Every structure is written in structure tokens, then in C-alpha cells.
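Now for the letters of each chain:
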Amino acid sequence: MKSVPMPWFGRIRFSTRTLLLLTPAVALAVALAVVLVQAWPSHGEWLGPAVLAGSFLLTTALGAAVWIAPRRQRWARRALIGALAVLLSIGLLYLSFGPACWAMAFYHPPPPAAARLFHHVYGPIATNVVFAPPRLREACVAYLGWWMPAGADFWEVDRGIGFNVPGWSYTIISY
């Protein structure tokens, strides 16, 4: 059995057992990522908060496991790093909604492909903003309004959000 030094993981031993355990785990992670990407436009309004809450709970549990477990338990530290990566990536997706709105308002009218991509990625997040509790909605709307370029007017009504730029208007979501 050969041991190879890796910068982030220390020494990794390549064996048949490791290969048999790692291959299905990687395949499952890739399949889950593909399913999440395909399900995002139609189910993102509940999928995003569910993954965010689940990764937060998993990160908390794994953080406790790393704290309690002996320092030789590398699996707990590696799982914690993975859970933190998921938590940060979902959080950054939600935080990138403001800069994306700025780009849509600044480069008006955007190319049709960019508008479709914007609606595909940020439509579920806009739905989360529309149906959020009042205090959270106010904070989200203030965050989005902060990102609007000069001359753009961000608006929100009971069941929709969008912005006006002189000569052009865009409704992000409206129910």
C-alpha cells in the first residue's frame, strides 16, 4: 500500500477498500448536485432554505463532534469542512442576489440569455424574499435596494419585486 502526501489531507493511502468506499460517495455527491441543479428552478423556493438549514445543523453537529472527539478523528474534521463548504456556498448564492440585480439594472436591457439565466438562478431566491416574514423581507429589500445603481428605482409590492431604470423596467418576480 503506497502513501502519498497531499497538501490538505495529510497522507492518503490508496487501497482497494478506499477506492470501493470513495467511488460511490463521489458518484452520489455528483448525482445529488445534478438533481439539485435540475430541481432548482421549480423547487428552489423551499430547496434553498432547506439545504441552508440542513447544512447549518450538520455543521453544528459536526463542530460538536470535532470538539468532543479525540484529535485523531480526521473523519469528523473532514466532514465539518465539507458541511462548512455547503453552508458557505448556499449563503454566497443568496448574497450574490444583490450584485446580480445591480448587473441587471446597470446593463439594461441585458441580453436575452442573461435575463433567462438570471431568472433561472435567482427566481427561487426572489420567491424567498417575497414570502419571507416581514422583518426578514424588509432587510432583504433594503439589501437589494442598496445594490441598485444610481438612477435605478427598486420597488416591492405585496407579492412582487423589481426595479425601474429610465426607459426600462424589470420585474424579478410577481405573484
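A quick note: this is a predicted structure, and the numbers were derived from the prediction, not measured.

**Q** Just give me the short version of the overall build of the chain, but keep the residues and values in it.
**A** Within the chain, the secondary structure is distributed over five helices and five strands. Helices (α) and strands (β) of the chain occur, in sequence order from the N terminus, as β-β-α-α-α-α-α-β-β-β. The proportion of buried residues among the 175 residues of the chain is 28%. Put simply, 54% of the contacts in the chain that link residues at least 6 apart link residues at least 24 apart. In the structure as shown, the chain presents an accessible area of about 11,800 Å², 72% of it carried by carbon and sulfur atoms.

**Q** Lay out helix α2 (residues 74–95) with the relevant residues and their values.
**A** Counted at 1.5 Å a residue, the expected span for α2 with its 22 residues is 32 Å, and the 31 Å between its end C-alpha atoms agrees. Regarding α2, the residues found buried are Ala76, Leu80, Ala83, Leu87 and Ile90. End-on, the buried residues of α2 take up no more than an arc of 100 degrees, which puts them together on one face. Of the exposed residues in α2, those oriented more than 90 degrees away from the buried face are Ile81, Leu88 and Leu92. Where the residues of α2 are buried, they touch α1 (16–68).

**Q** Let's hear about the environment of Val66: which residues, and what values?
**A** Its location among the elements puts Val66 in helix α1. Val66 sits 11 residues away from Arg77 along the chain, and the two C-alpha atoms are 6.0 Å apart.

**Q** With reference to specific residues and values, describe a nonpolar patch on the surface.
**A** Taken together, the side chains of Leu22, Val26, Val30 and Val34 present a nonpolar region at the surface, about 350 Å² in accessible area. Relative to the assigned elements, Leu22 resides in helix α1. Among the residues examined, Leu22 registers a relative accessible area of 52% and is labelled exposed.

**Q** Which residues make up the side chain of Thr59, and what values do they have?
**A** One can find Thr59 in helix α1. Within the structure, Thr59 has its side chain in polar contact with the backbone oxygen of Ala83 (distance 3.5 Å). Thr59 has contacts with Leu80, Ala83, Leu84 and Leu87, leaving out every residue within four places of it along the chain.

**Q** Any details on the packing of α2 against helix α3 (residues 97–106)? Residues and values, ideally.
**A** Contact pair α2 / α3: the axes reach a minimum separation of 4 Å and the direction vectors enclose 35 degrees. Taking contact as the criterion, the partners of Leu93, Tyr94 and Leu95 in α2 are, on α3, Phe97, Gly98 and Pro99. Residues belonging to the contact of α2 with α3 are distributed by class as follows: five nonpolar, one polar and no charged.

**Q** Tell me about the pattern of salt bridges, and name the residues and values.
**A** Counted under the stated rule, the structure contains one salt bridge. Here Glu156 makes a salt bridge to Arg137, at a shortest N to O gap of 2.6 Å. Linking Glu156 in strand β3 (residues 153–157) with Arg137 in helix α5 (residues 134–147), this pair joins segments that are 19 residues apart in sequence. On the basis of relative accessible area, Arg137 is assigned to the buried category, the value being 10%.

**Q** Account for the sheet that holds β3, naming residues and giving values.
**A** If you walk across this open sheet you meet the three strands as β3-β4-β5, and the pairing is antiparallel. Pairing within the sheet leaves two strands with one partner each, and these edge strands are β3 and β5 (168–174). Direction aside, the axes of adjacent strands within the sheet are offset by 15 degrees on average. In terms of strand pairing, β3 meets strand β4 (residues 160–165) through five bridges, oriented antiparallel. The residue bridging Val157 from the neighbouring strand is Gly160, located in β4. Lying on the sheet, α3 is in contact with β4 and β5; it crosses β4 at an angle near 40 degrees. Packed onto the sheet, helix α4 (residues 112–130) meets β4 and β5 and runs at close to 55 degrees relative to β5.

How each quantity is defined
- Residues numbered from 1 in each chain as written.
- Predicted model: local features only at pLDDT ≥ 70, side-chain atom pairs only at ≥ 80, totals over all residues.
- Heavy atoms only, no water.
- Helix = DSSP H or I, 4+ residues; strand = E, 2+ residues; numbered from the N terminus.
- Buried < 20%, exposed > 50% of the residue type's maximum accessible area, 1.4 Å probe, protein only.
- Contact = heavy atoms within 4.5 Å.
- Areas by Shrake-Rupley, 256 points an atom, 1.4 Å probe, with all protein chains shown as cover.
- Expected span 1.5 Å × (residues − 1).
- Arc of directions from axis to C-beta.
- Patch = residues over 30% accessible without salt bridge, like charges linked within 9 Å, V, L, I, M, F, W, Y side chains within 5 Å.
- Salt bridge = Lys/Arg side-chain N within 4 Å of Asp/Glu carboxyl O.
- Polar contact = N/O pair within 3.5 Å; in protein donor to acceptor, adjacent residues only side chain to side chain.
- Axes fitted to C-alpha atoms, helices over the stretch in contact; angles between N-to-C directions.
- Nonpolar A, V, L, I, M, F, W, Y, C, P; charged D, E, K, R; others polar.
- Pairing = 2+ DSSP bridges.

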